[in-house]
Amino acid sequence: MAQALYRKYRSQTFEEVIGQEHVTTTLRNALREGRIAHAYLFSGPRGTGKTSTARILAKAVNCLHPDPAQRPDNSCPICVAVNEGRLVDLVEMDAASHTSVDHIRELIERVSVAPAEARYKVYVIDEAHMLSNAAFNALLKTLEEPPPHVIFILATTEPHKIPETVLSRCQRFDFRRIAAHRIVEHLAHILAQEGRDAERAALEHIAFAAEGCMRDAVSLLDQLLSFGGERITLEQVESVLGMVPAATLARFVDAMMARDPGQMIAQVQELITQGTDLRQFSQQLVRYLRDVLLVRVGGREVLPDLPAERAAVLERQAQGLSPAFLVQAIKRLNAVASEVRSGVDVQLALELALVEVVSASRTAEEQQPAVASASSAGQAPAETPAEAVTAPTPPAGDAEALERLRRQWKQVIQWFREHRRFKIQAALGSARPVQVMGDQVELVFKNQFSLDMVQRPENLRQVELVISQVLGSTYKVACFLEADYQPGQTTSTGATAAPPPSKSRMSEVLEDDLVQEAVKRGGRIINIQ
Ligand SMILES: [Zn+2]
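Reading guide: rules and limits
Residues numbered from 1 in each chain as written. Predicted model: local features only at pLDDT ≥ 70, side-chain atom pairs only at ≥ 80, totals over all residues. Pairing = 2+ DSSP bridges. Helix = DSSP H or I, 4+ residues; strand = E, 2+ residues; numbered from the N terminus. Axes fitted to C-alpha atoms, helices over the stretch in contact; angles between N-to-C directions. Buried ≥ 20, exposed ≤ 12 C-beta atoms within 10 Å, placed from the backbone. Right-handed = clockwise from strand over helix to strand, strands pointing away. Parallel < 35°, antiparallel > 145°, perpendicular 65-115°, else oblique. Left-handed = near helix turned anticlockwise from the far one by under 90°. Contact = placed C-beta atoms within 7 Å.

Q: Any chance you could explain the sheet that holds strand β5 (residues 171-174) here in plain terms?
A: Spatially, the five strands line up as an open sheet ordered β2-β3-β4-β1-β5, and their pairing is parallel. Strand pairing shows two members of the sheet lacking a second neighbour, β2 (90-94) and β5, which therefore form its edges. Between one strand and the next, the sheet's axes are offset by a mean angle of 15 degrees, whatever the strand orientation. Pairing of β2 with strand β3 (residues 121-126), which is carried by five bridges, proceeds in the parallel orientation. Across the sheet, residue Met93 finds its bridge partner in β3, namely Ile125.

Q: Got a minute to help me understand the pairing of β3 in this structure?
A: The side chains of a regular strand alternate, first on one face of the sheet and then on the other. In terms of residue burial, β3 counts as a mostly covered element, since six of its six residues are buried. Neither face of β3 is open: one carries Lys121, Tyr123 and Ile125, the other Val122, Val124 and Asp126, and all of them are buried. Bridge analysis of β3 against strand β4 (residues 150-156) gives five bridges, and the strand direction is parallel. Looking across to β4, one finds that Val124 is bridged to Ile153. In the classification by handedness, the crossover that spans β3, the intervening helix α6 (residues 133-144) and the parallel β4 is right-handed.

Q: Just checking my understanding: could you explain the packing of helix α9 (residues 200-210) against helix α11 (residues 234-241) for this structure?
A: Axes are the key here: two packed helices are described by the angle between their axes and the distance separating the axes. Running from N to C, α9 and α11 point in directions that differ by 25 degrees, and their axes come no closer than 8 Å. Taken together, the axis directions place α9 and α11 in an arrangement best described as roughly parallel. Crossing of α9 against α11: the hand is right-handed. Contacts from Ala201, Ala202, His205, Ile206 and Ala209 in α9 reach Leu234, Gln236, Val237, Glu238 and Leu241 in α11.

Structure representation (structure tokens):
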């Protein structure tokens, strides 16, 4: 049943082959000029039109239409016979499923037999990389001195497994994954022909899930149509694909807007309980955020097919998230899929990515100094930035050690990344050293979640070790929530008098590319929060 629609709407002409114009144009031009090769290799992902194109080519070289440019015409006896699957001169075999390996070898050895009714005897060998060595040898022998009336078309998803000696005798064509919008167009075309209807978003989801494979997309459509019903909806597609409903994604992005990693982690737990595939969830989340980004940048008109209710949610979320945050989140979450492929625990990878995205954005937002352009900000363009800085009076402490730690803070975080302690790495990403007093380093955290993570005894021990290594002496680490932090609250033993940390804060800020750029353009720093 699921194959029926695919067969029915299989492309019958070169023009109908979707998304492989680079192949079909070349083939058509060659045929028009009478240039016919003895062996073709069609390589590329599954479901991208290789065997359909092979059949079209078989028809084209044999079609009886007098004008080569009109072949295949799909109306002459030869074309009709191919379309009905009864042309004896078209031999199709699947090297992967063929029961007898010897059978294929024998077939290849017998190719000298002249075609029965057509001009050429065409052998289409699907999954050609699965041929036995004996079969490849027979093929090679034939290709070394090909009988004039024989054409081989090898189709494969793994061309690197075909012997070089065979490859070098084939004209090679590489098929590509089909773009999602081309798949959507084709599905819409099929629906129109069938007198059925679907939400645009439903078709987009099918195309997205098919990953460039038209056969999968059409089979899925077939399955959905067999359910009956007025119109294929996004919800139906989601349920057939085991996808996370859009409403769940929306709730998730709301937690992201609230910069609430705890809430996001809780939702991940809930998804696991429901048996959701987290990898698929990550992909969907990326896609959802992409939509938010599109709406953020281009307005809701960018997604005209979105149901009004969902568009309203996206619009609200787009207003609450900056493009920079969205780009960052999309990049980071996109990387989760590849991390997972490399064997990392998917839950861990996802949670880290989420915490990182949220923490990084908070840090960025809070560190970004207010910059005003000189022209609008005042009359004293010669004023140096430092003079404009107002900073609270700092407590006494080991300023030199603090400065060193601040300079190397990224390396501290990097250490945990390199040692695959991603949770600590992520948590430290939302922390910064604020004080070094005697043998104690004080860190402030932007959120309780990260603080709790580092506070765990085994984690704290590691953080202390790494910091001690960086500073070249043994240190203890005390953690505070940034909002609650009072400088010098834990110790009153005055250490070395420190220069105002505003200086180092200042240099930190000045190192920021964005700020440098702004200063270059005449901006000046008026305050550092
Ligand atoms: Zn024909």
